[in-house]
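Here's the letter readout for the chains.
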Amino acid sequence: MHHEIQKMREIALVYLDRSGGLQKFVHDCKKYNDSKQSYAVYRFIISINPSDIAELDATLGNYILHNPIQAAQIFQSVCFIAIKTLSLIEQLQTEAQISILLKPTHLPPLPSYVLSLSAFPFNHTSQRFYMSEGIAIAMGMVTKYTQGARFLCTEETCPFSEGSFRYIRVHLPGATESATVRNDFVCSLCSSPLQEDMKFRVLGDKQIVEMIDAKVLNALKGYSNDKSHFRIQTFTVFLRDELANKMKIGNHYKIIGIPACVQNGLQATACIEVNSVQLCKPNGPSFVSDNFKYLLSLTSSSCWRFTAILANIFASQVVPPGTYNTLKLAILLSLVQTCEKENADYLDLLIVTSDTLVIDRLLNYSICLLPRGIRHPPSSEIFPSVSKDKHGTGSASIHACSAVLAKGGICYIGDLSSYKKDKLELLQSVLESRTTTVFIPGKKYGEEADQQVTISVQTNFWSFVDVDSSSKKHIQKDNFLIGQMDVSLIPPNLLDVFGLLIYREFPSCQPSSLVHHILKKAINPEAMLYKVSQQFRMQDYEEFILFAKNLHVELSSEAENLIQGYYLASRRVRRDSIHGSTLSASALKILISLSKAHTKLSLRKKVLEEDALIAILLLESSLTLKHGKSALCIAPNPVFPFDLSDENSLQQRDSYLMQCHHQLLKFIGAYGPGIHTNANEE
């Protein structure tokens with residue numbers, strides 16, 4: 001056995017030399033040596049490529065993967081000999097003072113190296129490297145732990161009573177603080193009790209994170225075609241030293257670490273000591289289905305037809321084709337305008353309706369088209385909350401809620417009128433800034449001072465207002481303007497920050513078709529009632545949306561001028577003597593977001609005037625519901641003024657939209673003179 005260990009030490013030295021690890025080790029030693037300070041423990045991180053080291057020596061490669069703690073001792077011996085031979089650290093006395101952390105760059109892509117708490121058995125007793133992945137749903141504050149400590153013999157005549165580095169305790173994966181630093185150690189020479197030399201205690205940073213399998217996202221959608229059953233449980237990961245604060249709440253990570261079982265009183269917790277963290281970025285498909293490609297080629301003569309047909313046939317499993325077209329177009333635009341980038345173009349929807357059951361089904365169906373579509377359960381919080389860490393540290397732990405879990409997707413929060421005033425004010429603040437602040441009182445969580453943690457909220461919000469129930473809760477106003485709806489139950493500032501306010505229009509086809517659809521679906525939920533449901537399946541829409549949302553689009557100068565012209569003209573027209581302009585400052589962002597979304601939905605990369613026109617008509621319709629008609633004076637349902645039953649109706653709609661474009665140019669010419677001069681002022 002000694003011969004094998006010696007051979008592995010030689011191979012370890014060769015690997016360090018070839019991989020550049022030896023040069024990095026010498027550089028790290030120089031930092032310690034230059035400090036001229038004695039430490040109980042000298043910590044070194046060694047990066048290991050399992051493929052390279054297994055090719056060099058299979059025995060050592062296998063030893064590192066399956067016995068990492070013992071393998072670290074081999075590198076510890078090599079590093080100690082190197083330090084003494086090359087005189088790298090003058091203060092170092094014993095091999096026990098060296099702490100080695102092996103960091104594998106990856107693990108073999110085999111099932112035996114994957115650890116999942118949603119699958120049995122969970123082998124937490126084998127202290128070897130595993131790979132796991134999940135979403136960070138709770139994060140503790142960074143606290144201190146003992147990396148290493150020196151102990152001295154209490155017997156004064158013992159040679160190990162002073163100046164000796166014989167007894168060194170170093171933290172090992174899964175070990176608690178009490179396991180590293182205890183008061184029941186005895187001297188091996190004289191059997192006297194050992195006492196810690198507090199001057200040499202080495203502290204490091206520690207952060208506790210709760211992660212959960214990404215499958216939980218399917219359970220939080222509220223509706224899914226996936227009928228499989230699975231077990232979901234959170235698991236605890238420990239981030240230490242350089243890995244502290246490497247994770248952000250709500251993100252999806254792939255980790256490599258060593259599982260362990262931590263005892264906290266009578267409770268045992270399965271956890272993972274993390275060695276490396278890698279952010280998992282979703283990759284959209286690089287294709288759309290042949291049926292969508294064929295439809296795109298058929299409608300290439302017009303910039304409006306493809307998206308019109310998409311909206312017309314969308315969600316035919318939930319509502320008949322041709323119904324709720326404006327709402328379905330808005331849903332599709334919001335779906336493709338989702339991403340995890342900072343300062344992204346968001347598109348939030350607020351629907352005013354009396355058909356809450358149908359609208360709820362439609363929105364539930366739609367959020368399932370995204371990997372991160374979350375239906376907010378009313379019993380929980382929308383935004384992050386704070387509680388005491390359950391692992392005994394006494395520090396604060398921030399818990400992700402619906403809005404954070406929906407990162408890069410949709411958070412559907414249900415009926416807005418069911419929320420209390422304080423929740424609505426918080427929602428308004430988040431929609432304005434796209435951040436939420438968590439307050440942590442220091443006295444409550446063992447800190448010297450209060451803390452505020454700001455968390456970004458990168459999601460689109462969907463909600464609806466039940467006009468029937470809301471009308472019973474307050475007295476309706478009498479002084480309405482033409483086209484204005486009574487939405488006084490919702491605070492005006494909250495209405496302004498929602499991107500679009502949509503009134504659920506009556507089905508353009510006969511209402512009996514909707515009743516017929518609902519009854520047939522109730523009898524046979526799996527039935528395909530329409531041919532388009534077979535041609536354009538749910539999976540096809542998923543792939544289409546994931547492809548479209550990843551398109552990078554740019555504004556053309558023509559579209560930019562049209563948007564600016566409409567915005568400036570509307571600010572002049574929509575104003576009163578008391579409050580000034582009723583057009584909010586966010587309207588320009590919403591217009592740009594809508595225009596880009598329509599471009600993505602059309603599978604183009606350049607925003608055209610035609611895209612800007614659809615955006616303007618949708619926003620003008622929304623503003624009419626909030627504030628009444630303006631001088632632009634559009635029709636009640638401007639984007640879909642009549643049924644789309646055949647090619648003639650599509651041609652008729654194109655002609656109508658061209659008239660709207662001409663009418664818009666006249667409106668800009670009349671009320672928005674000097675566009676280029678006033679753009680900077682606005």
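Read on for a plain summary of the structure. Keep in mind it's a predicted model, so treat the numbers as computed, not measured.

Re the overall build of the chain
Phase 1 of the analysis: Helix and strand content of the chain: 23 helices and 23 strands.
Phase 2 of the analysis: The proportion of buried residues among the 682 residues of the chain is 53%.
Phase 3 of the analysis: Intrachain contacts of the chain at a sequence separation of at least 6 include 74% that bridge at least 24 residues.
Phase 4 of the analysis: About 32300 Å² of surface is accessible on the chain, with carbon and sulfur atoms providing 53% of the total.

Thoughts on the pattern of salt bridges
Phase 1 of the analysis: Under the criterion given, the structure shown has 20 salt bridges.
Phase 2 of the analysis: Note that Asp241 and Arg43 form a salt bridge whose closest N and O atoms lie 3.3 Å from each other. Highlighted residues: Asp241 in the loop between β8 (235-240) and β9 (252-264) and Arg43 in strand β1 (residues 42-48), separated in sequence by 198 residues.
Phase 3 of the analysis: Notably, a salt bridge pairs Glu196 with Arg201, separated by 2.7 Å at the nearest N-O pair.
Phase 4 of the analysis: On the basis of relative accessibility, which here comes to 28%, the residue Arg201 falls in the partly exposed class.
Phase 5 of the analysis: Look at the salt bridges and you will find they share partners, linking Arg43, Lys103, Asp241 and Glu242 into a network.

Examining the nonpolar core
Phase 1 of the analysis: Counting residues in hydrophobic clusters, the biggest one holds 88 residues, and the most contacted among them are Leu335 and Tyr566.
Phase 2 of the analysis: The leading source of residues in this core is helix α21 (residues 609-627), at nine residues.
Phase 3 of the analysis: In this structure, Tyr566 is in contact with Leu591, Ile616, Leu619, Glu620, Leu623, Leu632, Leu664, Phe667 and Ile668, ignoring residues within four places of it in sequence.
Phase 4 of the analysis: Counting residues in each nonpolar core, the second largest holds 57 residues, with Leu115, Phe235, Ala403 and Val467 among its members.

What about helix α9 (residues 305-313)?
Residues spaced three or four apart along an α-helix point in a common direction, a consequence of the helix completing one turn every 3.6 residues.
Phase 1 of the analysis: Along α9, nine of the nine residues are buried, which leaves the element largely enclosed by surrounding structure.
Phase 2 of the analysis: Of all the residues in α9, the buried ones are Arg305, Phe306, Thr307, Ala308, Ile309, Leu310, Ala311, Asn312 and Ile313.
Phase 3 of the analysis: On its buried face, α9 is in contact with α8 (290-298), α10 (325-336), α17 (531-535), α18 (538-549), α20 (587-601) and α22 (647-671).
Phase 4 of the analysis: Remark: Ala315 follows α9 within two positions and exhibits a positive phi of approximately 60°.

Some thoughts on helix α19 (residues 557-573)
Phase 1 of the analysis: For α19, spanning 17 residues, the distance from its first C-alpha to its last is 24 Å, which sits close to the expected 24 Å at 1.5 Å a residue.
Phase 2 of the analysis: All of the buried residues along α19 are Ala559, Leu562, Ile563, Gly565, Tyr566, Tyr567, Leu568, Ala569, Ser570 and Arg571.

With respect to the environment of Gln76
Phase 1 of the analysis: Among the structural elements, Gln76 can be located in helix α5 (residues 68-86).
Phase 2 of the analysis: Taking C-alpha positions, Gln76 is 9.3 Å from Phe44, a pair spaced 32 residues apart along the chain.
Phase 3 of the analysis: Other than its neighbours up to four places away in sequence, Gln76 contacts Glu95, Ala96, Ile98 and Ile100.
Phase 4 of the analysis: Within the structure, the side chain of Gln76 is placed 3.0 Å from the backbone oxygen of Glu95, a separation counted as a polar contact.

Observations concerning the packing of aromatic side chains
Phase 1 of the analysis: With the rule as written, the count across this model stands at 18 aromatic pairs.
Phase 2 of the analysis: Taken together, a centroid distance of 5.0 Å and an interplanar angle of 80° make the contact between Tyr32 and Tyr42 edge-to-face. Of the two residues, Tyr32 is situated in helix α2 (residues 21-35) and Tyr42 in strand β1; the sequence distance between them amounts to ten residues. Neither Tyr32 nor Tyr42 differs from the other in exposure class; each is buried.
Phase 3 of the analysis: Taking 5.2 Å as the distance between ring centres and 80° as the angle between the ring planes, the aromatic pair formed by Phe151 and Phe185 counts as edge-to-face. One end of the pair, Phe151, is in strand β4 (residues 143-153); the other, Phe185, is in the loop between α6 (177-180) and β6 (194-196), and 34 residues separate them in sequence.

Digging into the sheet that holds strand β18 (residues 460-466)
Phase 1 of the analysis: Read from one edge of the open sheet, five strands run β12-β15-β18-β11-β19, paired in parallel fashion. Two strands close off the open sheet at either side, each with one partner strand: β12 (373-375) and β19 (500-503). The mean angle between the axes of side-by-side strands here comes to 20°, regardless of whether they run parallel or antiparallel.
Phase 2 of the analysis: When β12 meets strand β15 (residues 410-415), the two strands line up parallel, connected through three bridges. The residue bridging Ile374 from the neighbouring strand is Cys411, located in β15.

Here's the deal with the environment of Gly394
Phase 1 of the analysis: Tracing the backbone shows Gly394 in the loop between β13 (385-388) and β14 (396-399).
Phase 2 of the analysis: A C-alpha to C-alpha distance of 9.7 Å links Gly394 and Glu447, two positions 53 residues apart in sequence.
Phase 3 of the analysis: Residues in contact with Gly394, not counting those within four places in the same chain, are Lys388 and Tyr445.

Re the side chain of Thr599
Phase 1 of the analysis: Relative to the assigned elements, Thr599 resides in helix α20.
Phase 2 of the analysis: In this structure, Thr599 is in contact with Val553, Arg604, Lys605, Lys606, Val607 and Asp611, ignoring residues within four places of it in sequence.

A word on the pairing of strand β2 (residues 98-104)
Phase 1 of the analysis: Most of β2 is tucked away: six of the seven residues are buried.
Phase 2 of the analysis: Relative to β2, β1 runs parallel, the two being bridged by seven bridges. Directly across from Phe44, in β2, lies its bridge partner Ile100.

A short note on unusual backbone geometry
Phase 1 of the analysis: In this structure, Asn245 is a non-glycine residue whose phi angle is positive, near 65°.
Phase 2 of the analysis: Residue placement: Asn245 occurs in the loop between β8 and β9.
Phase 3 of the analysis: Even without being a glycine, Tyr324 presents a positive backbone phi close to 55°.
Phase 4 of the analysis: For Tyr324, a relative accessible area of 1% translates into the label buried.

Quick notes on the environment of Ile64
Phase 1 of the analysis: Counting through the fold element by element, Ile64 comes out in helix α4 (residues 58-66).
Phase 2 of the analysis: According to the relative accessible area criterion, Ile64 is buried, its value standing at 3%.
Phase 3 of the analysis: The spacing of Ile64 and Phe129 is 65 residues in sequence and 8.5 Å in space, taken between C-alpha atoms.

Considerations on the packing of α10 against α18
Phase 1 of the analysis: Between α10 and α18, the shortest axis-to-axis distance is 8 Å and the interhelical angle comes to 55°. Classed by the angle they form, the pair α10 and α18 counts as oblique. Across the interface between the two elements, Leu332, Leu335 and Val336 of α10 pack against Tyr541, Ile545, Ala548 and Lys549 of α18.
Phase 2 of the analysis: Each residue belonging to the contact of α10 with α18 can be placed in one class, and the counts come to six nonpolar, no polar and one charged.

Concerning the pairing of strand β3 (residues 130-140)
The two faces of the sheet receive side chains in turn, since in a regular strand these alternate between them.
Phase 1 of the analysis: Burial of β3 is extensive: nine of the eleven residues sit out of reach of the surface.
Phase 2 of the analysis: By the bridge criterion, four bridges tie β3 to strand β7 (residues 202-212) in an arrangement that is antiparallel. In the strand pairing of β7, Met139 is matched with Val209.
Phase 3 of the analysis: Both β3 and β14 contribute to a ladder of three bridges, which runs antiparallel. Note that in β14 the partner of Met139 across the bridge is Ile398.

Considering the side chain of Asp360
Phase 1 of the analysis: Tracing the chain through its elements places Asp360 in helix α11 (residues 356-367).
Phase 2 of the analysis: Among the polar contacts made by the side chain of Asp360, one reaches the side chain of Arg375 at a distance of 2.8 Å.
Phase 3 of the analysis: Contact partners of Asp360, with chain neighbours within four places excluded, come to Arg375, Tyr412 and Phe464.

Thresholds, definitions, all that
- Residues numbered from 1 in each chain as written.
- Predicted model: local features only at pLDDT ≥ 70, side-chain atom pairs only at ≥ 80, totals over all residues.
- Heavy atoms only, no water.
- Helix = DSSP H or I, 4+ residues; strand = E, 2+ residues; numbered from the N terminus.
- Buried < 20%, exposed > 50% of the residue type's maximum accessible area, 1.4 Å probe, protein only.
- Contact = heavy atoms within 4.5 Å.
- Areas by Shrake-Rupley, 256 points an atom, 1.4 Å probe, with all protein chains shown as cover.
- Salt bridge = Lys/Arg side-chain N within 4 Å of Asp/Glu carboxyl O.
- Core = buried A, V, L, I, M, F, W, Y, C linked by side-chain atoms within 4.5 Å.
- Expected span 1.5 Å × (residues − 1).
- Polar contact = N/O pair within 3.5 Å; in protein donor to acceptor, adjacent residues only side chain to side chain.
- Phe/Tyr/Trp six-rings, centres within 6.5 Å; stacked < 30°, edge-to-face > 60°.
- Pairing = 2+ DSSP bridges.
- Axes fitted to C-alpha atoms, helices over the stretch in contact; angles between N-to-C directions.
- Parallel < 35°, antiparallel > 145°, perpendicular 65-115°, else oblique.
- Nonpolar A, V, L, I, M, F, W, Y, C, P; charged D, E, K, R; others polar.

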